[in-house]
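# Examining the three-dimensional arrangement
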Amino acid sequence: MSTSTSRTGFWHRLTHGRSIGFGLEYLGYVTLKHPKVIGILLVLLTVLSVWQVPKANVDGDLLRVYADSGKEYETYKRLADTFGTFENDIYLLVTSPRLTDPAVLERMRELALDLSLNQYAAGTLSAFSLRKPDGQGGTLPAVPEGMVDSSAIAAAMADLQKNDPMMRNLISPDLSGVVMILFPDPELSKGAGTKQMIAELKEMVASYESPDIHVELTGPPIWTAEMLNAAVDDQVKFTIYGFGLGALIALFALRSFWSAILVAATPFIAVLWTMGVVLLIFGSFSFLTIIVTTLVLVICFAESLFFIFNWLAYWRDGIDPDKAIGLTLSHVGPASTLSQLTTLIAFASLGFTPGQGTTEFAYAGVIACTLGFVGIMCFQPLILKLALRLGFKAPKAPNFALTAPVPLAWFLASRFGRLVSTLGAVVTILFIIPYFLIEPRFSFEDVMAEDSSALTAAEQIDQGVGGVAPLYVRVPLKEGVANVGDADFETIKTVHEILEKHLGENKVISAASFKHYADSGFTRDEIFSAVGPFMKRRFVTDDNTQALVTGFMPTIIASNDLKQLVAGIETDLAAANITDAEVGGFRILTSFATDNIVRNLQLALTGSVIINLFVIGFAFMSWRIGLVSVIPNLFPILGTEAYLWLSGAGLQLTTVLALTIAFGIAVNDTIHFLSHYVQERREHRHNHIEAVKQTLDRIGGAIIATTVILCAGTAIVAFSELPQVALFGQLFVTTLALALVGDLFILPALLVAGGRFFHPLGGIKMADAPHPLDEPDEPAPAGRTAPGE
């Protein structure tokens with residue numbers, strides 16, 4: 001190789017199209033040339049991240065996930081801005097086997113009073129806070145005070161439960177319990193205030209617990225807190241167990257403690273950087289962006305293992321370990337860069353899906369991929385150089401147990417290549433069928449912890465009284481007179497009856513709920529006066545231009561059933577000529593918006609897969625390489641979607657995210673395999689068959705070790721208390737296992753079976769391609785294949 005050729009300059013080589021990493025891996029060569037400068041910059045980034053990490057928190061506001069996701073969000077926002085909503089309300093289910101005992105009843109009344117005096121309460125609603133007209137322009141407590149006879153209490157409570165529409169939602173039919181509702185002050189309860197409010201309420205109700213009284217808290221803030229705690233616990237477990245198991249398996253694979261530490265160091269620092277930068281930009285994690293730490297951990301573990309495997313292999317081949325770092329960078333760097341780039345494209349594509357949650361997730365994913373790339377290109381070489389200075393010695397050859405499947409893969413590829421490749425292609429094509437059949441699915445039960453006491457309490461409220469899952473109908477009023485005109489009242493009454501038709505009796509509240517008092521001769525002015533200004537605003541706006549009718553659905557309702565319910569209500573409203581009414585609610589938002597988001601995410605992921613296959617072909621400057629990568633990359637994604645379809649799990653937010661991350665791993669292994677295959681053909685002048693075998697021997701163990709480490713580290717998530725998170729873990733392991741089959745068995749078989757189809761790759765001209773062991777003025781990244789096939 002001529003000196004003049006090796007000195008042609010990096011940008012000249014890049015513009016002549018010889019780097020499958022598009023020259024981005026040059027950052028690694030800059031690191032080797034200026035280690036102190038890059039080291040200082042990395043230290044500054046680490047200090048910034050360490051400074052941010054103590055501020056880490058997960059924003060439990062689910063609206064952040066669905067914000068700007070479509071018309072359902074806009075409808076819900078209008079409802080919330082106009083009336084406030086019940087989605088932030090906290091429900092207390094107070095049960096007692098002796099509710100009609102005078103002492104027990106008065107103790108419950110004291111609890112209701114304490115609740116109303118709580119600093120976080122903007123208002124409360126209970127059987128003890130409601131009042132009724134006294135017929136003389138004043139009001140009386142709905143539950144009479146001072147009763148001393150159990151039978152009189154039972155009669156009074158039964159009368160209220162039967163005849164007062166509001167009381168039907170607050171007193172259980174068998175008189176075994178009552179429901180109290182706290183309407184939180186939005187300013188005091190926002191952010192960290194919700195956690196403090198819940199803690200204070202739990203402390204308060206604990207003082208009322210006795211053999212005669214049991215209090216259970218439920219409602220959306222409690223559910224969110226449970227989900228948040230479970231999500232944070234899962235993330236901590238995953239990070240700890242992921243690192244621990246990953247390091248242990250790396251120790252088993254490499255048979256060296258310090259080699260395992262070197263493998264785990266880059267993922268650790270990349271996770272730290274990602275947390276710091278995401279917190280700096282967004283201020284907190286959401287339920288979606290917190291998954292990004294999983295992404296960077298997984299991707300960097302895989303890339304770090306590939307890097308260490310190759311570096312140790314060159315070292316064992318007799319190459320100086322310091323020079324082996326540069327050689328590994330020139331061989332593995334371009335493939336690592338391309339795999340990070342394809343994963344980045346997959347995440348960037350998700351940013352085109354409507355919704356603040358998915359947009360933030362896409363941005364956070366791009367940040368994670370970028371920082372993971374910096375970790376591999378900069379931190380990895382520096383930590384290896386440091387290890388050598390500290391006396392690190394080359395370990396023994398990798399454990400045979402992890403390379404045991406490699407001979408089988410070669411046997412199947414060399415003896416049954418056409419059969420294996422044909423089966424792989426046919427199965428992949430068959431997997432396309434479920435892709436078009438699978439439907440989005442959202443169930444509230446799937447996002448709650450399996451042993452949630454708050455969910456159990458909510459279901460008890462569903463069975464006995466109104467419920468905790470509201471559906472709203474906003475009704476424009478035409479008369480605009482104080483306390484609702486007659487014509488407008490009839491409209492409200494019609495909407496009320498329509499909701500009762502679909503939800504059942506005692507499941508709807510509105511201004512028309514007080515028919516019992518109206519029939520008794522009380523005017524609407526007297527009724528609204530008894531209700532009070534705070535509760536009146538839940539029914540009619542202060543300017544009397546809009547009314548709200550609220551129905552309560554079952555807490556657990558499938559998204560398809562909810563869609564049918566909404567469709568039925570809208571049909572009946574149209575039939576009643578109430579065309580300007582608007583149906584909404586948070587549960588409607590989550591069901592409809594989730595379906596739309598998941599559909600868009602699926603399309604975005606599909607588009608990114610197709611784009612990335614073209615990117616791979618373009619990077620290698622070979623349409624043959626692009627074509628052969630199709631089956632190994634589609635096989636795990638479509639196979640996992642087929643599993644979802646067969647199991648009935650359907651597509652959910654977390655399933656699409658799991659597929660996105662797993663696709664990054666699948667592409668990672670494929671790119672490394674093809675990159676090494678091309679290098680064997682180009683640099684070592686091996687023929688087609690020899691190149692496939694050498695590639696399997698060289699990196700087959702790394703692919704297996706990567707998959708085992710990631711599966712073991714992720715398997716812990718499959719035991720999460722949150723069903724969606726558990727499903728995430730199951731799908732992740734499934735996809736990785738299928739990706740291993742695709743890259744270790746199907747891809748070599750496709751290459752061998754292709755025979756002459758891939759022979760033109762051997763005709764690549766190498767006259768002006770520098771060898772990695774040369775020392776040019778500017779380091780040369782690994783080459784692309786030539787375009788002329």
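Residues numbered from 1 in each chain as written. Predicted model: local features only at pLDDT ≥ 70, side-chain atom pairs only at ≥ 80, totals over all residues. Heavy atoms only, no water.

## Things to note about the overall build of the chain
Each helix and strand counted, the chain has 30 helices and 10 strands in total. Pairs at least 24 residues apart make up 82% of the contacts formed inside the chain by residues separated by at least 6 positions. Within the structure as shown, the chain displays about 30,800 Å² of accessible surface, and the carbon and sulfur contribution to it stands at 61%. (Helix = DSSP H or I, 4+ residues; strand = E, 2+ residues; numbered from the N terminus. Contact = heavy atoms within 4.5 Å. Areas by Shrake-Rupley, 256 points an atom, 1.4 Å probe, with all protein chains shown as cover.)

## What about the sheet that holds strand β9 (residues 546-553)?
Read from one edge of the open sheet, 4 strands run β8-β9-β7-β10, paired in antiparallel fashion. Two strands bound the open sheet, and with one partner strand each, they are β8 (508-509) and β10 (582-584). Sheet topology note: the strand β7 (residues 469-476)/β10 ladder contains 3 bridges and is antiparallel. In the sheet register, Arg 474 faces β10, and the bridge partner there is Glu 582. (Pairing = 2+ DSSP bridges.)

## So, helix α14 (residues 292-316)
Spanning 25 residues, α14 covers 36 Å between terminal C-alpha atoms, matching the ideal 36 Å at 1.5 Å per step. Just downstream of α14 lies Gly 318, where phi reads positive at about 100 degrees. (Expected span 1.5 Å × (residues − 1).)

## Section: the packing of aromatic side chains
This model, assessed by the stated rule, comprises 12 aromatic pairs. A centroid spacing of 5.2 Å and a plane angle of 45 degrees characterise the contact between Trp 311 and Trp 315, whose relative ring orientation is tilted. Linking Trp 311 with Trp 315, this pair stays in helix α14, spanning 4 residues, or about one helical turn. Each member of the pair, Trp 311 as well as Trp 315, carries the same accessibility label: buried. With a centroid separation of 5.1 Å and 90 degrees between ring planes, the pair formed by Tyr 435 and Phe 436 is classed as edge-to-face. (Phe/Tyr/Trp six-rings, centres within 6.5 Å; stacked < 30°, edge-to-face > 60°. Buried < 20%, exposed > 50% of the residue type's maximum accessible area, 1.4 Å probe, protein only.)

## Some thoughts on the packing of helix α20 (residues 486-503) against helix α24 (residues 559-575)
Contact geometry for α20 and α24: axes closest at 10 Å, N-to-C directions at 145 degrees. In this structure, α20 crosses over α24, and the sense of that crossing is right-handed. In contact with Val 495, Ile 498, Leu 499, Lys 501, His 502 and Leu 503 of α20, α24 contributes Leu 565, Gly 568, Ile 569, Asp 572 and Leu 573. By residue class, the composition of the contact of α20 with α24 is 7 nonpolar, 2 polar and 2 charged. (Axes fitted to C-alpha atoms, helices over the stretch in contact; angles between N-to-C directions. Left-handed = near helix turned anticlockwise from the far one by under 90°. Nonpolar A, V, L, I, M, F, W, Y, C, P; charged D, E, K, R; others polar.)

## Some thoughts on the pairing of strand β2 (residues 121-125)
Buried residues dominate β2, accounting for 4 of its 5 residues. Where β2 lies against strand β5 (residues 177-184), 4 bridges are found, and the strand directions are antiparallel. If you follow Thr 124 over to β5, its bridge partner there is Leu 182.

## A word on the sheet that holds β5
Sheet architecture is open: 4 strands sit in the order β2-β5-β1-β6, paired in antiparallel fashion. A single partner strand is all that each edge strand has here, and the edge strands are β2 and β6 (214-218). Going from strand to strand, the sheet's axes swing by 20 degrees on average, the running direction of each strand aside. Sheet contacts for helix α7 (residues 102-116): β1 (90-95), β2, β5 and β6; angle to β5, the most-contacted strand, approximately 10 degrees.

## A short note on the pattern of salt bridges
In the structure shown here, the tally under the stated rule is 12 salt bridges. Where Glu 582 meets Arg 78, a salt bridge forms, and the shortest distance between an N and an O atom there is 2.5 Å. On the criterion of sequence distance, the pair formed by Glu 582 in strand β10 and Arg 78 in helix α6 (residues 71-83) is long-range, its members being 504 residues apart. For Lys 385, the salt bridge goes to Asp 322, with nearest N and O atoms at 2.7 Å. A residue pair is termed long-range when its members are at least 10 positions apart, and Lys 385 in helix α16 (residues 356-389) and Asp 322 in helix α15 (residues 321-350) qualify at 63 residues. (Salt bridge = Lys/Arg side-chain N within 4 Å of Asp/Glu carboxyl O.)

## Side note on the pairing of β7
With respect to burial, β7 is a largely interior element, 7 of its 8 residues being buried. Relative to β9, β7 is paired through 8 bridges, and the arrangement is antiparallel. The residue bridging Val 473 from the neighbouring strand is Val 549, located in β9.

## Structural notes on α24
Given 3.6 residues per turn, any residue in an α-helix points the same way as the ones three and four places further on. Taking 1.5 Å as the rise per residue, α24 with 17 residues should run 24 Å; its terminal C-alpha atoms sit 24 Å apart, in good agreement. If you check which residues of α24 are buried, you get Ser 559, Leu 562, Leu 565, Val 566, Gly 568, Ile 569, Asp 572 and Leu 573. Backbone geometry just downstream of α24 places Asn 577 in the positive-phi region, at approximately 65 degrees.

## Describing the nonpolar core
Note that soluble globular proteins tend to have their nonpolar side chains buried in a common cluster. If you look at the biggest cluster of nonpolar residues, it comprises 155 residues, and the most contacted ones within it are Trp 311 and Leu 751. The element best represented in this core is α14, accounting for 18 residues. Leu 92, Ala 112, Trp 223 and Val 549 belong to the second-largest nonpolar core, a separate cluster that totals 81 residues. (Core = buried A, V, L, I, M, F, W, Y, C linked by side-chain atoms within 4.5 Å.)

## Here's the deal with the environment of Ile 557
On the secondary structure map, Ile 557 appears in the loop between β9 and α24. Residue Ile 557 is classed as buried on the basis of its relative accessible area, which comes to 12%. Put simply, Ile 557 and Ser 591 are 34 residues apart on the chain and 9.9 Å apart in space, counted from C-alpha to C-alpha.

## Some points on the packing of helix α3 (residues 26-33) against α16
Taken N-terminus to C-terminus, the directions of α3 and α16 make an angle of 30 degrees; their axes are 9 Å apart at the nearest point. One finds that α3 runs roughly parallel with respect to α16. Both α3 and α16 take part in a crossing whose hand is right-handed. Along the contact surface, α3 presents Leu 27, Gly 28, Thr 31 and Leu 32, while α16 presents Phe 373, Val 374, Met 377, Cys 378, Pro 381, Leu 382 and Lys 385. (Parallel < 35°, antiparallel > 145°, perpendicular 65-115°, else oblique.)

## Considerations on the side chain of His 496
Position of His 496 relative to the elements: it lies in helix α20. A polar side-chain atom of His 496 sits 2.7 Å from a polar atom in the side chain of Ser 510. (Polar contact = N/O pair within 3.5 Å; in protein donor to acceptor, adjacent residues only side chain to side chain.)

## Some points on a nonpolar patch on the surface
On the surface, Tyr 241, Leu 245, Leu 248, Leu 251, Phe 257, Trp 258 and Ile 261 cluster together into a nonpolar patch covering about 690 Å² of accessible area. Only α12 (220-254) and α13 (257-282) provide two or more residues apiece to the nonpolar patch. With 4 residues, α12 is the largest single contributor of residues to the nonpolar patch. Considering the arrangement of structural elements, one finds Tyr 241 in helix α12. (Patch = residues over 30% accessible without salt bridge, like charges linked within 9 Å, V, L, I, M, F, W, Y side chains within 5 Å.)

## Examining unusual backbone geometry
A positive phi angle is found at Leu 175, which is not glycine, with a value near 55 degrees. Its place among the elements puts Leu 175 in the loop between α9 (165-168) and β5. Owing to a relative accessible area of 16%, Leu 175 belongs among the buried residues under this scheme. Phi at Asn 577 is positive, roughly 65 degrees, even though this residue is not glycine. The topology assignment puts Asn 577 in the loop between α24 and β10. Residue classification places Asn 577 among the exposed positions, given a relative accessible area of 62%.

## Notes on the confidence of the model for the chain
Taken over all residues, the pLDDT of the chain has a mean of 80, while the share at 70 or more is 84%. Note that pLDDT drops below 50 for residues 1-17; the model gives that stretch 30 contacts with residues more than four away or on any other chain. Segment residues 762-789 is flagged for pLDDT under 50; beyond a separation of four residues in sequence, or across chains, it makes 78 contacts in the model. (pLDDT = per-residue confidence, 0-100.)

## Topic: the state of the cysteines
A complete count under the given rule lists 0 disulfides for this structure. Distance from the sulfur of Cys 300, which forms no disulfide, to the nearest cysteine sulfur (Cys 369) is 8.9 Å. According to the relative accessible area criterion, Cys 300 is buried, its value standing at 1%. (Disulfide = S-S within 2.5 Å.)

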